[in-house]
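# Close look at the chain arrangement
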Amino acid sequence: MKTKTQSISECFQTLKGRGECALIPFITAGDPDLETTTKALQILDRSGADLIELGIPYSDPLADGPVIQAAATRALARGVTFDQVLEVVSDVVPTLKAPLILFSYYNPILYRGIRAVLTRFADAGVKGLVVPDLPLEEAQTLLDIAAEVGIEIILLVAPTSRSERIQAIAEKSQGFIYLVSVTGVTGVRSQVQSRVQTLIADLKNSTDKPIGVGFGISEPKQAQQIAQWGANAVIVGSAFVRRLAENSPAQGLKEIEQLAQDLKAAVSS
Ligand SMILES: O=P(O)(O)OC[C@@H](O)[C@@H](O)c1c[nH]c2ccccc12
């Protein structure tokens, strides 16, 4: 079934009109395999995901914690390639209503050429891109080319960023701003630090753009707290990746369906 997918900005406009906080799950492409990835994207899409993040496995995922690093290693060990991931994306995007955001480290993009890669991403139906290790000083080239092909580049704000840097990132980020809630790498934390409330409030004071909060969120009550603090989106990665990693594909798909439903209910309550 072909559906016209909204841009990220349009999606957030719709959610804002409904006064809703978005759920954005992240999974690693190719773990446990590309067939399961396709099914997982469709299940997440119908189980509450408003946008979906898909990670392209990379050999040196420096911003990732152990769960996502292990997922990337397994996918690469299976021989999953950049091209195969784009093929899956091309096939599955027309069946999704949630805009798809790709996660790729900078090297695989630079190596293949920014314009060539972004054109391929756009042709595959990708609506957004996060490049975790993109230096802000080099972001403008990527932003300009992405704007030409209709992809929104989401930039990350670290909790340790100084206010003038936060301002610069907020101005350049497209679609939404990714507020990293804790210092360090991705991965489940036992609780959300109360300082996240201040981080969200401070960022809201300096921009009208939607704010997505990620890192360490794995439980519905944590997601609910983040939404209550005013986040426009809650991003959850490791908790989804772990469920696919620790179970059979069929059981993993069942568990991510339940988790997505529980998290979406929590951020909507
Ligand atoms: O895994 P967590 O703690 O739920 O955090 C989301 C994170 O996984 C996802 O957004 C992500 C995956 N890889 C990244 C690299 C950098 C920043 C963010 C990410």
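Refer to the structure printed above.
All of these numbers come straight from a predicted model, not from anything done at the bench. (Residues numbered from 1 in each chain as written. Predicted model: local features only at pLDDT ≥ 70, side-chain atom pairs only at ≥ 80, totals over all residues. Heavy atoms only, no water.)

Turning our eyes to something else, we now look at the overall build of the protein chain. Helix and strand counts for the protein chain stand at 12 helices and 9 strands. Against the 2.2 N^0.38 benchmark of 18 Å for 269 residues, the protein chain shows a C-alpha radius of gyration of 17 Å, consistent with a compact globule. Across its three principal axes, the protein chain shows a C-alpha extent of roughly 45 × 40 × 35 Å. Relative to its 269 residues, the protein chain shows a buried fraction of 55%. Pairs at least 24 apart in sequence give 74% of the contacts found in the protein chain among residues at least 6 apart. (Helix = DSSP H or I, 4+ residues; strand = E, 2+ residues; numbered from the N terminus. Rg over C-alpha atoms; globule rule 2.2 N^0.38 Å. Buried < 20%, exposed > 50% of the residue type's maximum accessible area, 1.4 Å probe, protein only. Contact = heavy atoms within 4.5 Å.)

A word on the pattern of salt bridges. Tallied over the full model, the rule gives 12 salt bridges. Glu219 is the salt-bridge partner of Lys221, the closest N and O atoms lying 3.9 Å from each other. Since its relative accessible area comes to 36%, Glu219 is described here as partly exposed. One continuous salt-bridge network, built from bridges that share partners, spans Arg18, Glu20, Asp50 and Lys264. (Salt bridge = Lys/Arg side-chain N within 4 Å of Asp/Glu carboxyl O.)

For the ligand, the set of nearby residues contains 17 residues, the closest of which are Asp64, Tyr178, Gly187, Gly216 and Ser238. Protein burial of the ligand: of its 440 Å² of free accessible surface, 98% is covered by the chains. Its atoms largely coinciding with the cavity grid, the ligand occupies the largest pocket. Across the shell around the ligand, the residue classes break down as 10 nonpolar, 5 polar and 2 charged. (Near = heavy atom within 4 Å. Areas by Shrake-Rupley, 256 points an atom, 1.4 Å probe, with all protein chains shown as cover. 1 Å grid on protein atoms, 1.4 Å probe; cavity = no way out; pocket = protein on both sides within 12 Å on 5 of 7 lines; lining within 4 Å. Sits in = over half its atoms within 2 Å of the grid points. Nonpolar A, V, L, I, M, F, W, Y, C, P; charged D, E, K, R; others polar.)

At their nearest, the axes of helix α4 (residues 82–92) and helix α6 (residues 114–123) sit 9 Å apart, and the two run at 30 degrees to each other. One finds that α4 runs roughly parallel with respect to α6. Contacts between α4 and α6 involve Phe82, Asp83 and Leu86 from the former and Val117, Arg120 and Phe121 from the latter. Considering only residue class, the contact of α4 with α6 consists of 4 nonpolar, no polar and 2 charged. (Axes fitted to C-alpha atoms, helices over the stretch in contact; angles between N-to-C directions. Parallel < 35°, antiparallel > 145°, perpendicular 65-115°, else oblique.)

Note on terminology: disulfide describes a covalent bond linking the sulfur atoms of two cysteines. Tallying each qualifying case throughout the model produces 0 disulfides. Summary of cysteine pairing: Cys11 is not part of a disulfide, and the nearest cysteine sulfur, belonging to Cys21, is at 11 Å. (Disulfide = S-S within 2.5 Å.)

This part covers unusual backbone geometry. Going from Asp31 to Pro32, the amide bond is cis rather than trans, its omega being 5 degrees. Note on placement: Pro32 falls in the loop between β1 (22–28) and α2 (34–46). The phi angle at Phe215 is positive, at roughly 95 degrees, despite the residue not being glycine. Judged by relative accessible area, which is 13%, Phe215 ranks as buried.

Tallied over the entire structure, the rule returns 1 cavity of 30 Å³ or more. For the largest cavity, the calculated volume is near 40 Å³. Split by residue class, the lining of the largest cavity holds 5 nonpolar, 4 polar and 1 charged. (Points joined across faces, edges and corners; volume = space filled by probe spheres on them.)

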